[in-house]
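# Descriptive analysis of the structure
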Amino acid sequence: MTDSKPAAKPWGGRFTESTDAFVEEFTASIRFDHRLYRQDIAGSIAHARMLAHVGIISADEAGTISAGLEDIQAEIERGEFDWSVALEDIHMNIEARLIERVGETGKKLHTGRSRNDQVATDLRLYLRDEIDALCTVLHRLQTALVDVAEREADTIMPGFTHLQVAMPISFGHHMLAWEAMLARDHERLLDCRKRVNVMPLGAAALAGTSFPIDRAYSAQLLGFDAPAGNSLDAVSDRDFVIEFCAAASLIMMHLSRFSEELILWSSAQFNFIELPDRFCTGSSIMPQKKNPDVPELVRGKSGRVTGHLISLLMLMKGQPLAYNKDNQEDKEPLFDSVDTLAGSLRVFADMVPAIEVNHTAMAAAAQQGFSTATDLADYLVRKGIAFRDAHEIVGRAVRFGIDEGKDLSEMTLEQLQTFSGSIEADVFEVLSLTGSMAARNHAGGTAPAQVTAAIAAARQRLTR
Ligand code: ARG
């Protein structure tokens, strides 16, 4: 970023002294909003075409402006654009360069608009594109989870509550739980997109413009669903940014929980999974270490996005209508939320298909902690015992098992019968891990047949 250009401000007419050097630095946004150059140029080309469409400028002038803007875009993309802090932001940098390149005609571009509707338009175009890109990678991650679920539908793992062994479940079922969370996240992004895709352009500074503009025409050129209905609202509210960051925070929260499981599972204590070496790092001092850095980082990064959500809520609260410079502070949290989320989703989408499952360790862990105790209680209920009594009976059997160091399935029939005369030889099927899992055979349950059905439903949803 250089400052070869003299600070000829577009508002110079009213001012008697030039901007304080530090104030210039302090108020400029070009350092971060240069990222909006494509949207700014697309918005300006659409605005110029609309001005020509309604006869405010000539078709030739619109052509000159559009060609000039396209050249500027190429200049930026070649890394040759000389960004100026004195020109404050992306809008004035590009406009000044346009005037420099095409002369007098360039000065007509800003007719009937303001930086206030311009920046809000740029930001909405930017976020719309980013939401689409995020949905693509989110879809890739969802598909990866369904693929793993399919591969591991019959794999038994202990299901936990309170991080204590609860019941045997299918590892595929567990993967589908993560997919279900991400499916809701996906819907949230798509829903947010509807409210993002509304065009502020034409609101001008705050009240609209005295020129006979055609907002439906510009909206159509830019692919917006409609022009915003109220000019004051259009230039001032950033609720669409907040809403996006709320959706992004939820996704990061889900990835953070998922990360926590991957970290626990890949520890020597659990040993349920192995993360591929290419997603891990070692220690500079302990030669044996293989650290799950990727999930740890994602877990850590989730805090940033939620922090940005809170910053944006605080940024907006207390602002009177209409535009205030406060809103310039919306960009860095939004950009960082988008980048953080995009990176986290991408690395998860790459990593999930490569997770190796340690079937033996998972099944052995499921065998511990009396994970089929509820199955025994249910069995007794089917033999005519009330559930509360059955619970009590099984509790005593578990107590015995703890003292003897034996799982329920490892006790003899005679031993089991000391707790209830209703227990018969058919109990062992019920006490097996596969039997327990297969018994939860209703929609939403962990029986492999249900997991297979859930996979089919997820695949259908993902191909819509
Ligand atoms: N850089 C400003 C922003 O990000 C653009 C709008 C400036 N408008 C103004 N009236 N100063 O919000």
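Heads up: the structure comes first, above all this text.
One structure accompanies this document, and this report is about it. (Residues numbered from 1 in each chain as written. Predicted model: local features only at pLDDT ≥ 70, side-chain atom pairs only at ≥ 80, totals over all residues. Heavy atoms only, no water.)

Counting its secondary structure elements, the protein chain contains 19 helices and 6 strands. By principal-axis analysis of the C-alpha atoms, the protein chain measures approximately 100 × 50 × 40 Å. Taken over 464 residues, the protein chain has a buried fraction of 49%. Considering only intrachain contacts with a sequence separation of at least 6, the fraction spanning at least 24 residues in the protein chain is 76%. Within the structure as shown, the protein chain displays about 21600 Å² of accessible surface, and the carbon and sulfur contribution to it stands at 54%. A gap of 2 Å separates the mean positions of the 46 positive and 65 negative side-chain charges of the protein chain. (Helix = DSSP H or I, 4+ residues; strand = E, 2+ residues; numbered from the N terminus. Buried < 20%, exposed > 50% of the residue type's maximum accessible area, 1.4 Å probe, protein only. Contact = heavy atoms within 4.5 Å. Areas by Shrake-Rupley, 256 points an atom, 1.4 Å probe, with all protein chains shown as cover. Lys, Arg positive; Asp, Glu negative; His and termini not counted. Charge placed at Lys NZ, Arg CZ, Asp CG, Glu CD.)

If you check the shell around the ligand, you find S29, D33, D89, H91, R115, N116, V119, Y323, Q328 and K331 and nothing else. Between Q328 and the ligand, the recorded distance is 2.8 Å, taken from a side-chain N or O atom to a nitrogen atom. The side chain of K331 places a nitrogen or oxygen atom 2.5 Å from an oxygen atom of the ligand. Protein chains shield 86% of the accessible area of the ligand, which is 340 Å² for the free molecule. Here the residues of the shell around the ligand are counted per class, giving 2 nonpolar, 4 polar and 4 charged. (Near = heavy atom within 4 Å. Polar contact = N/O pair within 3.5 Å; in protein donor to acceptor, adjacent residues only side chain to side chain. Nonpolar A, V, L, I, M, F, W, Y, C, P; charged D, E, K, R; others polar.)

A full pass over the atoms with the stated rule returns 35 salt bridges. One salt bridge connects D132 with R193, and the closest N-O pair in it is separated by 2.7 Å. Of this pair, D132 sits in helix α6 (residues 115-151) while R193 sits in helix α7 (residues 171-196); the two residues are 61 residues apart in sequence, bridging distant segments of the chain. For the salt bridge of D191 with K194, the shortest nitrogen-to-oxygen distance reads 2.9 Å. With D191 and K194 both in helix α7 and 3 residues apart, this pair spans about one turn of that helix. According to the relative accessible area criterion, D191 is partly exposed, its value standing at 28%. (Salt bridge = Lys/Arg side-chain N within 4 Å of Asp/Glu carboxyl O.)

On to empty space enclosed by the protein, then. In this structure the tally under the stated criterion is 1 cavity of 30 Å³ or more. Reported here for the largest cavity is a volume of approximately 40 Å³. Residue lining of the largest cavity: H47, M50, G112, M199, L201, G202, I213, R215 and S218, and that is the complete set. Elements that contribute at least two residues to the lining of the largest cavity include exactly α3 (37-53) and α8 (215-222). Looking at the lining of the largest cavity residue by residue, the class counts come to 4 nonpolar, 4 polar and 1 charged. (1 Å grid on protein atoms, 1.4 Å probe; cavity = no way out; pocket = protein on both sides within 12 Å on 5 of 7 lines; lining within 4 Å. Points joined across faces, edges and corners; volume = space filled by probe spheres on them.)

Turning our attention to the pairing of strand β2 (residues 164-170). For a regular strand, the rule is simple: side chains alternate between the two faces of the sheet. Bridge count for strand β1 (residues 156-161) against β2 is 6 bridges, and the pairing is antiparallel. Within β2, the residue paired with I156 across the bridge is S170. Adjacent in sequence and paired antiparallel, β1 and β2 are bridged by 2 residues, among which H162 carries a positive phi angle near 55°. (Pairing = 2+ DSSP bridges.)

With that settled, consider the packing of aromatic side chains. Counted by the stated rule, this structure contains 10 aromatic pairs. An aromatic cluster is built from F160, F270 and F272, whose rings are joined through pairwise contacts. Looking at R14, its charged tip hangs above the ring of F15, at a distance of 5.9 Å from the centre. The positively charged end of R128 is found above the aromatic ring belonging to F224, 5.4 Å away from the centroid. (Phe/Tyr/Trp six-rings, centres within 6.5 Å; stacked < 30°, edge-to-face > 60°. Lys NZ or Arg CZ within 6 Å of the ring centre and 35° of its normal.)

So, about the side chain of S170. For S170, the position within the fold is in strand β2. A residue is classified by how much of its surface remains accessible, and S170, at 0% relative accessible area, is buried. Engagement of the side chain of S170 in a polar contact is seen with the backbone nitrogen of G172, the distance being 3.0 Å. When near neighbours in sequence (up to four residues on either side) are disregarded, S170 contacts E152, A153, T155, M437, T446 and V451.

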